[in-house]
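Each chain, letter by letter, is given below.
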Amino acid sequence: MTSERQPSDAFWERIEAQLAETDPDIEIERDAFYSQPEWDVFQMRYTSAGGHRLFAWLSVPHGAGPFPALLRMPDYASVHDIIYTPLRERAVVMNATHRGQRKSDGQVRARYPGLLTDGIGSADTYTLFGAYADALRAVDMLNAQHVANVSGPVALTGAGLGASLALATAARRPAVSAVAADTPLALGHTAALEPGLGYPLAELGDYLRANSGSESAVESVLSVIDPVSTAPAVRCPVLMSAGRSDRSVCPLAFADELAKALPDCEFRVYDGGAEGGGHVHAQVRGAWLAERLGLEIS
Amino acid sequence: MATKADLESFVTNVTCPDDFDDFWDEVKADLRKVPLDATCEADPLRSTDSSRVFQATYRSLDGLEIFAWYALPAEGNGPFPAILHLPGYKSEPALRRDWGVKGVAVLSVAVRGKLPSSREFNPGYPGLLTSGVEHRDTYSYKGVISDCMRGVDFLLSRPEIDAERIYCCGSSQGGGLTLITSALRPEIKAGVAGYPFLCCYPESMRMLRSYPYDELSCYQRAYPEKTAQMLGTLRYFDAVNFAPRIKCPMVVGIAMEDEVCPPETSYAAYRLLGGERELWLFPESGHGNAHEYPARERAWLEERIGVGDTQAATT
């Protein structure tokens, strides 16, 4: 049986081809200032599709390894810093950025609000598509780096845009063994175009208000990254959270649809908005990730 | 999880320098010498039926240009009450259009180091918290706090703003800056400080391993010989030393599971507040994520401002 070719297939094939033809030119340097008694911190730099030079933080536990790995995908914000997690003591943790974020802004500097609609008039100019290439590149660079012995499970995590990037990446990289996706950004789904949403999705509303009659064109451009369409290809276990009253990142109707489309999804819905369960879910996520990474829960 | 007893039994070792007020009087005097040079450009893309949005800039300490989102009610010419909204450590300044429907203006400041106020000063995140910490006159937060004070000057310079009705709020770093700015600028009539950062630096460094406070611990490990000097500088920038100087009504919101700003340290600032005060405790909540907080902050400010009767818009 052959599966029907989707419009998004050409999008992903183009990204994979661009990545394949780009020398990653990976550079890794230990950061003595931010290294800790239990783990070393490294600054990584590598090149992604289109020649964008990207930055990532990498932490490596002391000891020979091998270690499981956790890759935190970037949020929708200019800063993606060295977020603390106790998992750093026992797993390699990478915090990757996408083009436009701080330290990855040599060619394009993201604006907030602004990035969500930058170049959205055409699929050829939409800046944020590059973030999906950068997310794939991040997983590949985690495997390619030489300072840590990574072997065993590789889990992805992220919130908002980072959650959507994590799911899209897991769909393209079967070696990913688990995804913890907090309130995935509805970008690409029609729910993102509803009126009356808060930022960041409200950026789309701003654009549509200023460019009347462009809704179907915007919908068409974004459709290739609809998380619901990509979801069936995510074969690993997924932990997903959403907030019942979220009207800015992951509206509940979208989250419901996405959870149903994911083959193996544990879906948790909490009171509140885009914080998606906040502290309570953070505890659930930490334990879930530790188990998937084969680490003891302390 | 912290308990109320933990909060009450906590005692900070932070003391106030004898020349604390002199230092900040000098900063304010230096700031007055800098022309405000305010600009205000309409942003039709971000404006809505209820809110006219502007991209504002003004000059602050050392002549740096500071950016801010300035949202005015779409209806009327004022004078409007105004909220000075102060930013978190690494987050973007919030574009708050939701107050327009209430007839309230909001100035949301991108303090130095933040995009797009980073052209002349950009230590990064991590980086800001230790930038220039060797001395009170070189410390980044001397400028950051000045940028917040200058936000008040911007509002006072606007004919559409009611100078008698300026309020302040923010969360995390924005909470700490709300406390500090309210102490330094008596024009602020009331404030809400959520999950306040910048409280009890030495204890916060010891109690947590998370950033941003861990930046200070990294500095301590890298330069042990300069630790005393660093802690000496931080006394001039610790919100607990500003708290007794706050005379306006102030709320402090604390998440009891806060893993970024220890609840005990926020409470230490609350306990020292010099005016009418109110405490909100959020059990089973972490940093910045108490479900009830946004609605509670809004309701409290609406009541203080006197605009609590009409329905708010979503955006």
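Note that this is a predicted model, so its numbers are computed, not measured.

S.K.: Is there a simple way to explain the overall build of chain A in this structure?
M.R.: Counting secondary structure elements, chain A contains eight helices and nine strands. Taken over C-alpha atoms, the radius of gyration comes to 18 Å for chain A, in line with the 19 Å a tight globule of 298 residues would show. Taken over the C-alpha atoms alone, chain A extends approximately 60 × 45 × 40 Å along its principal axes. Burial status across chain A gives 59% buried among its 298 residues. For chain A, the share of sequence-separated contacts (at least 6 apart) that also reach a separation of at least 24 residues comes to 67%. Carbon and sulfur atoms make up 49% of the accessible area of chain A, which totals about 11400 Å². Positive and negative charge centroids in chain A, built from 24 and 36 side chains respectively, lie 2 Å apart.

S.K.: Hey, could you run me through the interface of chain B and chain A in this one?
M.R.: For an interface, size is often stated in terms of accessible area lost upon the parts coming together. Counting from both sides, the interface comprises 36 residues of chain B and, opposite them, 39 residues of chain A. Buried area between chain B and chain A, summed over both chains or domains, comes out near 3100 Å², and the portion from carbon and sulfur atoms is 54%. When residues of chain B are sorted by the area they lose upon contact with chain A, Arg-209, Tyr-211 and His-291 of chain B head the list and together hold 21% of the total. Linking chain B with chain A are four salt bridges. The interface formed by chain B and chain A holds 15 residue pairs in polar contact (both at pLDDT 80 or more) in total. Sort the elements by how many residues they give to the side of chain B that touches chain A and helix H6 (residues 213-222) of chain B lands first, with six residues. Split into classes, the residues belonging to the side of chain B that touches chain A amount to eleven nonpolar, 14 polar and eleven charged.

S.K.: Before we go on, may I ask you to explain the pattern of salt bridges in this structure?
M.R.: Pairing is possible between side chains that carry opposite charge, provided their charged atoms lie close to one another. Per the stated rule, a full pass over the model turns up 37 salt bridges over all chains. We note a salt bridge from Glu-16 of chain A to Arg-173 of chain A, for which the minimum N-O separation is 2.8 Å. You can see Glu-16 of chain A sitting in helix H1 (residues 7-20) and its partner Arg-173 of chain A sitting in the loop between helix H3 (161-172) and strand E7 (178-182), a full 157 residues away along the chain. Note that Lys-142 of chain B and Asp-137 of chain B form a salt bridge whose closest N and O atoms lie 3.1 Å from each other. Counted as one network, the salt bridges with shared partners bring together Arg-96, Asp-98, Lys-102, Arg-298 and Glu-302 of chain B.

S.K.: Teacher, can you tell me more about the sheet that holds strand E4 (residues 67-72) of chain A here?
M.R.: Sheet strands associate in pairs through backbone hydrogen bonding, adopting either a parallel or an antiparallel arrangement. All names here are of chain A. As summarised here, the arrangement of the nine strands in space is E1-E2-E3-E5-E4-E6-E7-E8-E9, forming an open sheet in which the pairing is mixed. Here the strands that pair on one side only, and so sit at the sheet edges, are strand E1 (27-30) and strand E9 (265-270). The mean inter-strand angle of the sheet, taken between neighbouring strand axes irrespective of direction, is 20°. Sheet topology note: the E4/strand E6 (residues 150-159) ladder contains five bridges and is parallel. Bridging across to E6, Ala-69 finds its partner in Val-154. The strands touched by H3 within the sheet are E6, E7 and strand E8 (238-243), with E6 carrying the most contacts at an inclination of about 140°.

S.K.: In this structure, what is going on with unusual backbone geometry? I would like to understand it.
M.R.: For residues other than glycine, phi is negative in most cases, and the peptide bonds are mostly trans. With an omega of 5°, the peptide bond running from Gly-65 of chain A to Pro-66 of chain A counts as cis. The amide bond that connects Tyr-211 of chain B to the next residue, Pro-212 of chain B, takes the cis arrangement and shows omega of 5°. Although it is not a glycine, Asp-25 of chain A sits at a positive phi angle of roughly 45°. Within the secondary structure layout, Asp-25 of chain A lies in the loop between H1 and E1.

S.K.: What should I look at first to understand the nonpolar core in this one?
M.R.: Proteins that are soluble and globular tend to have nonpolar side chains buried together. Core analysis: the biggest nonpolar cluster contains 83 residues, and Trp-24, Tyr-70 and Tyr-141 of chain B have the highest contact counts within it. In terms of residue count, helix H3 (residues 140-157) of chain B provides more of this core than any other element does, eight residues in total. Counting 82 residues, the second-largest nonpolar core is a separate cluster that includes Phe-11, Leu-161, Ala-186 and Tyr-207 of chain A.

S.K.: Looking at this model, I keep getting lost on the confidence of the model for chain B. Mind explaining?
M.R.: Regions with low pLDDT should not have their predicted coordinates read in detail. Residues and elements named next belong to chain B. With 98% of its residues at a pLDDT of 70 or more, chain B has an overall mean of 96. Predicted confidence is poor over residues 310-315, with pLDDT under 50, and the contacts of this stretch with residues over four places away or in other chains come to 16 contacts. Note on the complex model: pTM 0.96, ipTM 0.95.

S.K.: In this structure, what is going on with the packing of aromatic side chains? I would like to understand it.
M.R.: By convention here, two paired aromatic rings are described through the distance between centres and the angle between planes. All names here are of chain B. This model, assessed by the stated rule, comprises 31 aromatic pairs over all chains. Geometrically, the ring pair formed by Trp-24 and Phe-237 is edge-to-face, given 5.5 Å between the ring centres and 80° between the ring planes. Of this pair, Trp-24 sits in helix H2 (residues 20-32) while Phe-237 is found in the loop between helix H7 (227-234) and helix H8 (239-242), placing the two residues 213 residues apart along the sequence. Ring centres of Phe-54 and Tyr-70 lie 6.2 Å apart, and the angle between their planes is 50°; this geometry places the pair in the tilted category. In this pair, Phe-54 is assigned in strand E2 (residues 51-59) and Tyr-70 in strand E3 (residues 65-73), connecting sequence segments 16 residues apart.

S.K.: Any chance you could explain the state of the cysteines here in plain terms?
M.R.: What is meant by a disulfide is a covalent connection between two cysteines, made through their sulfur atoms. Applying the stated criterion across every chain yields a total of zero disulfides over all chains. Summary of cysteine pairing: Cys-265 of chain A is not part of a disulfide, and the nearest cysteine sulfur, belonging to Cys-236 of chain A, is at 10 Å. A residue is classified by how much of its surface remains accessible, and Cys-265 of chain A, at 23% relative accessible area, is partly exposed. In this structure Cys-248 of chain B is not part of a disulfide, and its nearest cysteine sulfur, from Cys-168 of chain B, lies 8.4 Å away. Given the relative accessible area of 10%, Cys-248 of chain B is considered buried.

Calculation rules
Residues numbered from 1 in each chain as written. Chains lettered and ligands numbered in written order. Predicted model: local features only at pLDDT ≥ 70, side-chain atom pairs only at ≥ 80, totals over all residues. Heavy atoms only, no water. Helix = DSSP H or I, 4+ residues; strand = E, 2+ residues; numbered from the N terminus. Rg over C-alpha atoms; globule rule 2.2 N^0.38 Å. Buried < 20%, exposed > 50% of the residue type's maximum accessible area, 1.4 Å probe, protein only. Contact = heavy atoms within 4.5 Å. Areas by Shrake-Rupley, 256 points an atom, 1.4 Å probe, with all protein chains shown as cover. Lys, Arg positive; Asp, Glu negative; His and termini not counted. Charge placed at Lys NZ, Arg CZ, Asp CG, Glu CD. Buried area = accessible area lost by both parts, 1.4 Å probe. Salt bridge = Lys/Arg side-chain N within 4 Å of Asp/Glu carboxyl O. Polar contact = N/O pair within 3.5 Å; in protein donor to acceptor, adjacent residues only side chain to side chain. Nonpolar A, V, L, I, M, F, W, Y, C, P; charged D, E, K, R; others polar. Pairing = 2+ DSSP bridges. Axes fitted to C-alpha atoms, helices over the stretch in contact; angles between N-to-C directions. Core = buried A, V, L, I, M, F, W, Y, C linked by side-chain atoms within 4.5 Å. pLDDT = per-residue confidence, 0-100. Phe/Tyr/Trp six-rings, centres within 6.5 Å; stacked < 30°, edge-to-face > 60°. Disulfide = S-S within 2.5 Å.

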